[in-house]
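Take a look at the letters that make up each chain.
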Amino acid sequence: MKKATGLLVLIFMVFAPSRPVKALENFDFKGELWARGALHLKQQRPYQDNSLDHETLLLQGEGDLSEEILFKAGTRLERLAFHGNGSTREDTRLELWETYLDYRGGSYQITLGNQIIRWGKTDEMTILDNLNPQDLRELMTLRLEERKHPWPWLRAQYFASNLTLEGVFTIWPVWHMKEDFGTDWAAFDHLKAQLEDIPALKSWARSLKLDKQRPGPSLRDAEWGFRLTGTFSSVDWEASFLHAHNRSFYYYITSFPIKGLWLNSISDISSALSRAIIVGNTIRISRPEDDILGLAFETTWGEAGLRGEFAYHTNQVFLRKDLYGVRKPCWQYVLGLDYQFMNGLYANLQFSQRYIQGWDKSILFEPRWDSGLFLRLSKTYLQDFLECRLDAYYDLTTRMYYLNPEVRYKIQDEYTLFMGLHLLDGPAGTFFDLYDANDQIYVGLKAVF
Amino acid sequence: MRVFTLFWILFLILPLTEPKAQAQKLSAQDIAWAVYNRPVGKDSESYTQMILIDRRGHKKERKMYVAVKDDPKARKTFMRFLSPLDIRNTSFLSISYNNGKEEQFLYLPALRRVRRIAGSFRFHRFVNSDFTYEDLERRCPKKYNYQLMKEENYKASPCYVLKCWPKKRKYSAYQYWVEWVTKKGFLVVKVDYYDRRGHLCKRFEALEWKPIQGYWTIISSKMTDLKRKHYTLLIVDKIRYNVGLKNKIFTRRNLRP
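Presented here is a report on the structure given in the accompanying data block. Owing to the predicted nature of the structure, the values given are computational and were not obtained by experimental measurement. (Residues numbered from 1 in each chain as written. Chains lettered and ligands numbered in written order. Predicted model: local features only at pLDDT ≥ 70, side-chain atom pairs only at ≥ 80, totals over all residues. Heavy atoms only, no water.)

1. Let's talk about the nonpolar core
Next, step 1: Membership of the largest hydrophobic core comes to 54 residues, with the highest contact counts inside it found for F188, Y251, I253, F256, L261, I283 and F431 of chain A.
Next, step 2: The element that contributes the greatest number of residues to this core is strand β17 (residues 304-319) of chain A, accounting for 3 residues.
Next, step 3: Membership of the second largest hydrophobic core comes to 44 residues, among which are Y146, W177, Y193 and F204 of chain B. (Core = buried A, V, L, I, M, F, W, Y, C linked by side-chain atoms within 4.5 Å. Buried < 20%, exposed > 50% of the residue type's maximum accessible area, 1.4 Å probe, protein only. Helix = DSSP H or I, 4+ residues; strand = E, 2+ residues; numbered from the N terminus.)

2. Examining the interface of chain A and chain B
It is common to give the size of an interface as the accessible area that goes away when the parts come together.
Next, step 1: Each partner contributes residues to the interface: chain A has 48 residues there, and chain B has 39 residues.
Next, step 2: For the pair chain A and chain B, the summed buried area comes to about 3,700 Å², and 42% of that belongs to carbon and sulfur atoms.
Next, step 3: On inspection of chain A and its partner chain B, the count reaches 10 salt bridges.
Next, step 4: Of the charged contacts, one joins R115 of chain B and D123 of chain A as a salt bridge, the two residues approaching to 2.7 Å between their closest N and O atoms.
Next, step 5: Grouping the amino acids of the side of chain A that touches chain B by side-chain chemistry returns 13 nonpolar, 18 polar and 17 charged. (Contact = heavy atoms within 4.5 Å. Buried area = accessible area lost by both parts, 1.4 Å probe. Salt bridge = Lys/Arg side-chain N within 4 Å of Asp/Glu carboxyl O. Nonpolar A, V, L, I, M, F, W, Y, C, P; charged D, E, K, R; others polar.)

3. Some words on the side chain of E134 of chain B
Residues and elements named next belong to chain B.
Next, step 1: Positionally, E134 belongs in helix α3 (residues 133-136).
Next, step 2: Within the structure, E134 has its side chain in polar contact with the backbone nitrogen of A173 (distance 3.1 Å).
Next, step 3: Sequence-distant contacts of E134, defined by excluding residues within four places in its chain, comprise R122, F123, R139, Y171, S172, A173 and Y174. (Polar contact = N/O pair within 3.5 Å; in protein donor to acceptor, adjacent residues only side chain to side chain.)

4. What to know about the pairing of strand β13 (residues 230-241) of chain B
Residue and element names in this part refer to chain B.
Next, step 1: Pairing of strand β1 (residues 43-53) with β13, which is carried by 10 bridges, proceeds in the antiparallel orientation. Bridge pairing in β13 places S46 opposite I239.
Next, step 2: Note that strand β12 (residues 215-225) and β13 share 6 bridges and pair antiparallel. Within β13, the position partnered with D225 by the bridge is H230.
Next, step 3: Between the end of β12 and the start of β13, which pair antiparallel, lie 4 residues, with K229 showing a positive phi angle near 65°. (Pairing = 2+ DSSP bridges.)

5. Some points on the pattern of salt bridges
Next, step 1: Tallied over the full model, the rule gives 60 salt bridges over all chains.
Next, step 2: Here R137 of chain A makes a salt bridge to E78 of chain A, at a shortest N to O gap of 3.0 Å. Placement of the pair is R137 of chain A in the loop between β6 (108-115) and α2 (144-147) and E78 of chain A in strand β3 (residues 69-84), with a sequence separation of 59 residues.
Next, step 3: Between K150 of chain B and E152 of chain B there is a salt bridge; the shortest N-O distance is 3.3 Å.
Next, step 4: Relative accessible area serves as the criterion here: at 41%, K150 of chain B is assigned to the partly exposed category.
Next, step 5: Residue E152 of chain B is classed as partly exposed on the basis of its relative accessible area of 28%.
Next, step 6: Connected via shared salt-bridge partners are E124, R143, R376, R389, D391, E406 and R408 of chain A.

Have a look at this one:
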């Protein structure tokens, strides 16, 4: 709430008009209701959830304050509930959504406020789109655009004839949304409940907590970056630099209250406790800085679209087998090709490869070299009102996979029904193996008004 | 989301200058070039609606703003959808260079990203309608073969009837099409499309056309899917020519509303 208030004050101070504004012109209001319920297909682990439901209601308005200034304001009510083990864990929140002022001068544009910014050129699998926090409470089972949340940024763009220079700045370090304990997708899964079942550990398990040492808004912890984009001979390119904090899925754990652990998988943790020593009840997490240097391009090749991204991280966070965090430089690239066949089939293939510098065997889950393929196939029927789509990811190195077949039907332009499956698995010791029991079938509705 | 080739505006904005060589016998290629090079003013902007009507008579409506500008190198077309809500603010920019090269960009509000569009998208349906992107593009005669079949009246207007087929298979989803081109103004007022098996599959018909500010303009038209028995009406609600549109409208920056 403090963030929202501070942001609004800042917006007012910067954009306060020198003369009174009569009223918003061309005011436009829209809303969106999105709801999805999912049922687990397997019940093979203790403490596992049976189902979840997730709903959002977004209300958004925008209008012109003057010819150059646009004002946008939005709020979103969200509820995410996990059901299982005879209980429901519910998280309901009202958030400030996209709320900003946008000033468009002749060759420059300044936007201040809670906004969603997209960097990078590739599609679903992007490694340069790091300016907004993502909702990872259901891992990556939401689409990228559904995972992204707006964040308060000051964004300035200068448009030259064939180049655009962009700078971004925020005093609030970006932090992805994750559950810590007590859901099938949480960072520590149902560990607490598992440990509470061990009589000797019951009281300790109950007191187990995370200290996230979340930095407050400050210049010292500010994030900033710049991006240069242009076009050369029908090739759109971009070069970017972002001074960020940890954007990895993993927490950077600086202190873990159990010593002597050496895991090949987090699911081993309760059995590994027998040879471990408990030294406290607090897992301490910090948010180390990570500079991300990026290059990207987009062009067409024959009748196909061709896209690529390269990212170099100075301090990417990984997890060690003793559950402490470790930072390593690493680089990664993604190459993508998309094509629409004459019979209406759409295919989008992306290949990615990552290399961790200074890798050693103590790193949990992640190999030194990691290569993966993402494929999206989609075909539409009934004048495009019915879409059948398959998203698939296969990790060539670790052999873990993720499949998401989905059917979408537009009942009306404003109402879309969808249903599908999330299937993921991997060999023992891989990251997706943790979520082996999380296969689910889901059904949902999206309505715009 | 489907990708757009935007030169469909050709069907909306069909200005006319009196042909100088009307008395001469025109070849099929001459007629095709006359259609391609028909002047459209310095620029134009229009508000257009598209009505989709299925075999049961149910209607769905799309509204859009379209701006077109010619410069010495290219024709630029900018489009923004105004409704329905699910595609509102989706925007497109198409640049058709005079040498036949094309560049297209699409902005999808949900993704917040301007995406460069590949040519393989042009054979697909335009926002659920019976038009494909190919149907709406400005066809460069270099890529097609033409044969003058006959001359006959369409809705009381004398027309050339051309058979057209692509020089390369990748240029069209159709095996061939037959088009009726008005002698006065070189407007394409009717097209019969034949699929790759040679079956008549779709029909385009101009329903009303008239001069606006001295430029012949198709006010309403209809595309019928003859197999599935549904059709799409394209109606120009408002159009203005030579309004002095600024170059900044036709930039990728402007795609984001």
